[in-house]
Amino acid sequence: MIQKSLIIALALSTSISVSAKRTIVDEEAYLQYEKEVQAKISREDMVKSMHRFGHGKLNRRVTQNTIEQLPDAITDDDFDIHPADKVALGKFLFFDKILSGNQNDSCATCHHPFAWSGDGLSLPIGEGGDGTGVARTTGYLESEVHERVPRNAPQIFNLGAKSFEIMFHDGRVRRDDSRPSGFLTPAGDDLPMGLENPLAAQAMFPITSSAEMAGQVGENSVADATSVDNLAGVDGVWNQLAKRVQDINEYVELFKGVYSDVNSAEDITMVHIANAIGAFEGDIWRADNSAFDKFLRGEEGAMSPNQIAGMNLFYGDAGCSGCHSGQFLTSNEFKSIGMPQIGPGKGDNLPGFRDGLDDFGRERETGDIADRYRFRVPSIRNALLTGPWGHAGAYNDLRAVIKHHLNPADALANYDQTQVLLPYRRDLSALDFAVMNDEYSRNSLLSNLDIENVDLTEEQIDRLMDFLDAVTDRNSIDLRTDVPSKVPSGLPIFD
Ligand code: HEC
Ligand code: HEC
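The notes below deal with the structure included here. Because the structure is predicted, anything quoted here is derived from the model rather than measured.

**Observations regarding the overall build of the protein**
Inference 1: Along its length, the protein carries 21 helices and 5 strands.
Inference 2: In the protein, which comprises 495 residues, the proportion classed as buried is 44%.

In structure tokens, the structure reads:
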């Protein structure tokens, strides 16, 4: 391409100097020639290619600016390492529907190996739904789902790394040494001691959500406990679920093998369960062997020239590394970039506005209006695999996600609603685009932006796509072997 630009630039400069200096023998023939050249190369292309050529925007050698910002290569020391038997136990629990109130879904329903640790949908279909991944439906008859889950199910690649201390799009679970349990969570001081890492702390919560796993009041006793916020009580959610596991002999034997403080069924607690799940998630879905990783380890040639050009843009003119920094390409901060808001929302902007269909993001946790629409900067490792993207899964086109960052106002005004992956049901679908179809609400999403417009050519966007390819680990493409053939409860693994 550089060569092409060079040729174009040379062609232009000769044609100009020719017309200016030389005595033109056959003026008519020359004008005809000039017209043809102009028709072939539009002025805009010309300016663009000269601009690019002149500024070296597509440098295919690693620039000094990039070198200064590159993170250290990832090593085993960056992760919590867990014993194999604990990982294996966690795998069973992760896929076992025994942990859901109505025994009809599991963690894997929304974080499935077939969907690269997500569910492949814009917004998840929780308990009551039917089917796996993008084929999941909203369920049937009285067991059908009551609502869409309001946020996209994030990828869980690499979350066993020690640097991931914050969970959820709004950071409502996080490591906090000032708390007795070591974690700040929605459960406050009810959170038991002994949770080993943020993944384990996180695992205490999906089971307490009526839409995700617990079910509706009156359907089962776990859902009843959830509805009155009884998590830690004697008959609370956590004890009830631990009791279910205690009643399965195969589990009891496995827990005894893994934990020195489990000698009989009654010793098994939700903390043991959550720690095993955390070990599984952290161990199995490491994804730190991408071309970028190999390059960081010093393997010259691991990245293609186009990927390197994309990396230079990422750390340079495109400004991505301002937020997607460090080993996992996230600063772990909360930023507002005006991503489209779709689905039922989190109850923000109550009657009079959008009737609760908004999601104020981080503000929900801090109560600070300055945090409105801020969401955690996600890791974009494995980005090629983890769509739909954004906290509400509004984009199913990675290029559109990049373009959104470059000009959020333009992206919102031209947002293509047909790309979402949301199983249709008349009442649920009626809410899906309420915010986006309302000009005032849509523009509100832009009211607190932390990002500035950047002008990039389509070719530069191509190179950013190449870099996102370079940070995607080829070992993560086929995860089929991560699905167990059966689980100790005997419940089906697939719907
Ligand atoms: C019905 C779908 C659903 C089920 C079932 C579910 N999750 Fe999730 N998971 C989500 C959604 C949606 C989020 C993001 C919610 C938010 O940020 O508010 C999430 C977030 C997470 C995160 C945080 C990831 C991050 O980067 O912040 C982890 C880890 C996780 N889930 C693990 C689990 C585990 C373990 C289970 C089972 C105990 C489980 N999930 C069950 C949908 C689900
Ligand atoms: C000001 C901070 C900031 C900058 C700069 C930034 N991003 Fe982001 N990015 C975010 C935030 C915050 C999100 C999540 C927003 C949401 O979900 O509402 C995000 C989401 C993404 C996603 C989707 C990830 C997912 O799993 O949903 C991709 C891909 C991405 N960014 C790539 C880029 C690229 C490429 C650039 C450079 C052109 C860039 N970002 C610049 C903050 C930033």
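Once you've had a look at it, read on.
**Some details on the site of ligand 1**
Inference 1: Close to ligand 1 lie 27 residues; Cys107, Cys110, Gly126, Phe168 and Pro206 are nearest.
Inference 2: For the shell around ligand 1, the secondary structure elements donating two or more residues are helix H6 (107–110), helix H7 (198–203), helix H8 (210–214) and helix H12 (270–284).

**Some points on helix H14 (residues 305–315)**
Inference 1: Burial analysis of H14 places 9 of its 11 residues in the buried class, which makes it a mostly covered element.
Inference 2: If you check which residues of H14 are buried, you get Gln307, Ile308, Ala309, Gly310, Met311, Asn312, Leu313, Phe314 and Tyr315.
Inference 3: Those residues of H14 that are buried lie in contact with helix H4 (64–69), helix H13 (291–296) and helix H21 (458–470).

**As for the packing of helix H5 (residues 84–95) against helix H11 (residues 249–258)**
Inference 1: At a minimum axis distance of 9 Å, the contact between H5 and H11 shows a crossing angle of 150°. Put simply, H5 runs roughly antiparallel to H11. Of the two elements, H5 crosses H11, and the hand of that crossing is left-handed. Contacts between H5 and H11 pair Asp85, Lys86 and Leu89 from the former with Leu254, Phe255, Gly257 and Val258 from the latter.
Inference 2: Taken together, the residues of the contact of H5 with H11 break down into 4 nonpolar, 1 polar and 2 charged.

**Things to note about unusual backbone geometry**
Inference 1: Following Gly387, the chain continues into Pro388 via a peptide bond in cis, with omega recorded as -10°.
Inference 2: With respect to the helices, strands and loops of the structure, Pro388 is situated in the loop between strand E5 (375–376) and helix H16 (398–406).
Inference 3: Even without being glycine, Trp116 reaches a positive phi, approximately 55°.
Inference 4: Here the phi dihedral of Asn158 falls at roughly 70°; this positive angle occurs in a residue that is not glycine.

**Structural notes on the packing of H16 against H21**
For any two helices packed against each other, one specifies the crossing angle of their axes together with the interaxial distance.
Inference 1: At their nearest, the axes of H16 and H21 sit 10 Å apart, and the two run at 120° to each other. As for the relative orientation of H16 and H21, their crossing is right-handed in sense. Contact residues: Leu398, Arg399, Ile402 and Lys403 in H16; Ile461, Leu464, Met465 and Leu468 in H21.
Inference 2: Class assignment for the residues of the contact of H16 with H21 results in 6 nonpolar, no polar and 2 charged.

**Details of the site of ligand 2**
Inference 1: Neighbouring ligand 2 are 24 residues, the closest being Cys320, Cys323, Met339, Trp389 and His391.
Inference 2: At 3 residues, H16 tops the list of elements feeding residues into the shell around ligand 2.
Inference 3: For the shell around ligand 2, a count of residues per class yields 15 nonpolar, 7 polar and 2 charged.

**Things to note about the environment of Gly171**
Inference 1: In this structure, Gly171 sits in the loop between strand E1 (166–167) and strand E2 (173–175).
Inference 2: Sequence spacing of Gly171 and Arg362 is 191 residues, and the spatial spacing of their C-alpha atoms is 7.1 Å.
Inference 3: Non-local contacts of Gly171, meaning those with residues more than four positions away in its chain, are made with Ile166, Phe334, Arg362, Glu365 and Arg376.

**What to know about the environment of Ile477**
Inference 1: Following the sequence through the fold, Ile477 ends up in the segment after H21.
Inference 2: A C-alpha to C-alpha distance of 9.1 Å links Ile477 and Asn382, two positions 95 residues apart in sequence.

**Regarding the sheet that holds E1**
One key point about sheets: their strands pair by backbone hydrogen bonds, in either a parallel or an antiparallel sense.
Inference 1: On the basis of which strands lie adjacent, the open sheet formed by 3 strands has the order E1-E2-E3 and antiparallel pairing. Each edge of the sheet is formed by a strand with only one pairing partner; in this case those strands are E1 and strand E3 (183–184).
Inference 2: Where E1 meets E2, 2 bridges bridge the pair, whose relative direction is antiparallel. Bridging from a neighbouring strand, Met167 pairs with Val173 of E2.

**With respect to the environment of Ala211**
Inference 1: By secondary structure assignment, the location of Ala211 is in helix H8.
Inference 2: Judged by local crowding, Ala211 falls into the buried class, with 20 C-beta atoms found within 10 Å.
Inference 3: Each C-alpha atom, one on Ala211 and one on Pro150, is 9.6 Å from the other, the two residues being 61 residues apart in sequence.
Inference 4: Every residue in contact with Ala211, bar those within four places of it in the chain, is listed here: Gly126, His146, Glu147 and Val149.

Parameters and conventions
Residues numbered from 1 in each chain as written. Chains lettered and ligands numbered in written order. Predicted model: local features only at pLDDT ≥ 70, side-chain atom pairs only at ≥ 80, totals over all residues. Helix = DSSP H or I, 4+ residues; strand = E, 2+ residues; numbered from the N terminus. Buried ≥ 20, exposed ≤ 12 C-beta atoms within 10 Å, placed from the backbone. Near = placed C-beta within 6 Å. Contact = placed C-beta atoms within 7 Å. Axes fitted to C-alpha atoms, helices over the stretch in contact; angles between N-to-C directions. Parallel < 35°, antiparallel > 145°, perpendicular 65-115°, else oblique. Left-handed = near helix turned anticlockwise from the far one by under 90°. Nonpolar A, V, L, I, M, F, W, Y, C, P; charged D, E, K, R; others polar. Pairing = 2+ DSSP bridges.

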